[in-house]
Amino acid sequence: MPPVFAHGRLRLYLLKLLDEAPRHGYEVIRLLEERFHGLYAPSAGTVYPRLAKLEAEGLVTHATEGGRKVYSITDAGRAELAGRGDELADLEQEIRESVSELAAEIRDDVRGAAGKLRSEMRAAASETRTHRTTSWQEQARRAKEESRKAREEAKRARHQAEEARDTARREMQRIAQQVQDHIATGEWPSALSDLTGRLSGLFGGGTPNAARPSRTEPEPPGAPAWEDVPASGDAARDLERLLDRFRDDIRDAARDHGVTASQLSEARRHLSTAAAHIAALLRGPRD
């Protein structure tokens, strides 16, 4: 695989992303993944040390929001970015070329799988013509199964990068549209507060048909205190921040403590329940 960023170029691109808007670390990682159309995503161990070094050099600073660091570019950072405009333009071109090369590798892998499949099918056909014995049916069955598996693998190779991104985008657009409906009627503050309460209570148990959790109901140990997240006046942005907070908290817990198969199964049930509650909330009648 070709290198995505040449030496020192990731540092420059982090300054560009922070010049666009203040961001927390996971948001930077997600944006890089989007810029590469899902074909590349840096690890936290790649991004956070570079943010810390930029801060030590006085090029970025951070503030704490809801217990998380939000990084912003400083005047010194903007000055360096302005002075390296030509290098930034070259970097944008390198990114486009890297995406093209990564995509070409995936296409080559798919073509290779398809070519191998054709060769195996031709070999199987030649063998069955040469050796018409009682094993012909079994050989044909194996060739058919291998053909099916090869087609599935080729399909997954073509779509694995875009499936997760497209699903996430459609879900966010659907939720954003529902929130916009609340904005249009001026009812978003109560809807957002209700959504926050449901997210806080869902991981303490319950089912999609359960009654709405009371604010005085005991929360599970380590439950995130999201009620103090201020409303900005832009409900769609506030909801996106809550969803980012939700995703980051789960990622942090999984990173710090690991995930077992039984925990994954239980988490899947909770996530399904959360999605059902939120969808019912946003589709429900306006209070």
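Draft legend 1. Representation of the sheet that holds strand β3 (residues 68-73). A sheet is described by the order of its strands in space; here three strands give the open sequence β1-β3-β2, paired in antiparallel fashion. The strands lining the two open edges of the sheet, one partner per strand, are β1 (23-24) and β2 (60-65). Relative to β3, β1 is paired through two bridges, and the arrangement is antiparallel. Counterpart to H24 in the pairing with β3 is V70. Here helix α1 (residues 9-20) sits on the sheet and contacts β1, β2 and β3; the angle it forms with β3, its principal contact strand, is near 95°. Helix α3 (residues 44-56) rests against β2 and β3 of the sheet, and its axis sits at about 115° to β2.

Draft legend 2. Highlighting the pattern of salt bridges. Using the criterion set out here, one finds 24 salt bridges in the structure. D249 serves as the salt-bridge partner of R245, at 3.7 Å between the closest nitrogen and oxygen. Taken together, the residues span about one helical turn, with R245 and D249 both in helix α8 (residues 235-257) at a distance of four residues. E266 serves as the salt-bridge partner of R269, at 2.4 Å between the closest nitrogen and oxygen. A residue pair is termed a helical-turn pair when its members lie 3 or 4 positions apart in one helix, as R269 and E266 do in helix α9 (residues 261-283) at three residues. Several salt bridges share partner residues, and in doing so they unite R11, K53, E57, E80, R84 and E87 into one network.

Draft legend 3. Highlighting the side chain of E27. Structurally, E27 can be placed in helix α2 (residues 25-35). The exposure class assigned to E27 is buried, which follows from its relative accessible area of 8%. Ignoring anything within four residues of it in the chain, the contact list for E27 reads P22 and R237.

Draft legend 4. Main features of the pairing of β3. Sheet topology places β2 next to β3; six bridges connect them, and they run antiparallel. When the bridges of β3 are listed, H62 appears paired with Y71. Between β2 and β3, which pair antiparallel one after the other, the connecting turn spans two residues, and G66 there sits at a positive phi close to 60°.

Draft legend 5. Summary view of the packing of aromatic side chains. Tallying each qualifying case throughout the model produces one aromatic pair. A ring pair is formed by Y26 and Y48, whose centres lie 6.3 Å apart and whose planes are at 85°; its orientation type is edge-to-face. Here Y26 is found in helix α2, whereas its partner Y48 is found in helix α3, with 22 residues between them in sequence. On the basis of relative accessibility, which here comes to 7%, the residue Y26 falls in the buried class.

Draft legend 6. Examining the packing of α1 against helix α4 (residues 75-83) more closely. Two elements in contact, α1 and α4, have axes whose closest approach is 10 Å; the angle formed by their N-to-C orientations is 120°. At the point where α1 passes α4, the crossing takes the left-handed sense. Mapping the contact onto sequence places R11, L12, L15, K16 and D19 in α1 and G77, R78, E80 and L81 in α4. Looking at side-chain class alone, the contact of α1 with α4 contains three nonpolar, one polar and five charged residues.

Draft legend 7. Region of the structure containing the nonpolar core. Counting residues in each nonpolar core, the largest one holds 24 residues, and the members touching the most others are L14, L15, L18, V28, L32 and V47. Those elements giving two or more residues to this core turn out to be α1, α2, α3, β3 and α5 (85-130). Here the element with the most residues in this core is α1; it accounts for seven residues.

Draft legend 8. Spotlight on α8. Its 23 residues give α8 an end-to-end C-alpha distance of 33 Å, which sits within 8% of 33 Å, the value for a rise of 1.5 Å per residue. Here α8 has its buried residues at A235, D238, L239, L242, L243, D244, R245, F246, D248 and D252. Taken from the residues just after α8, G258 is the one with a positive phi, measuring 80°.

About the thresholds
- Residues numbered from 1 in each chain as written.
- Predicted model: local features only at pLDDT ≥ 70, side-chain atom pairs only at ≥ 80, totals over all residues.
- Heavy atoms only, no water.
- Pairing = 2+ DSSP bridges.
- Helix = DSSP H or I, 4+ residues; strand = E, 2+ residues; numbered from the N terminus.
- Contact = heavy atoms within 4.5 Å.
- Axes fitted to C-alpha atoms, helices over the stretch in contact; angles between N-to-C directions.
- Salt bridge = Lys/Arg side-chain N within 4 Å of Asp/Glu carboxyl O.
- Buried < 20%, exposed > 50% of the residue type's maximum accessible area, 1.4 Å probe, protein only.
- Phe/Tyr/Trp six-rings, centres within 6.5 Å; stacked < 30°, edge-to-face > 60°.
- Left-handed = near helix turned anticlockwise from the far one by under 90°.
- Nonpolar A, V, L, I, M, F, W, Y, C, P; charged D, E, K, R; others polar.
- Core = buried A, V, L, I, M, F, W, Y, C linked by side-chain atoms within 4.5 Å.
- Expected span 1.5 Å × (residues − 1).

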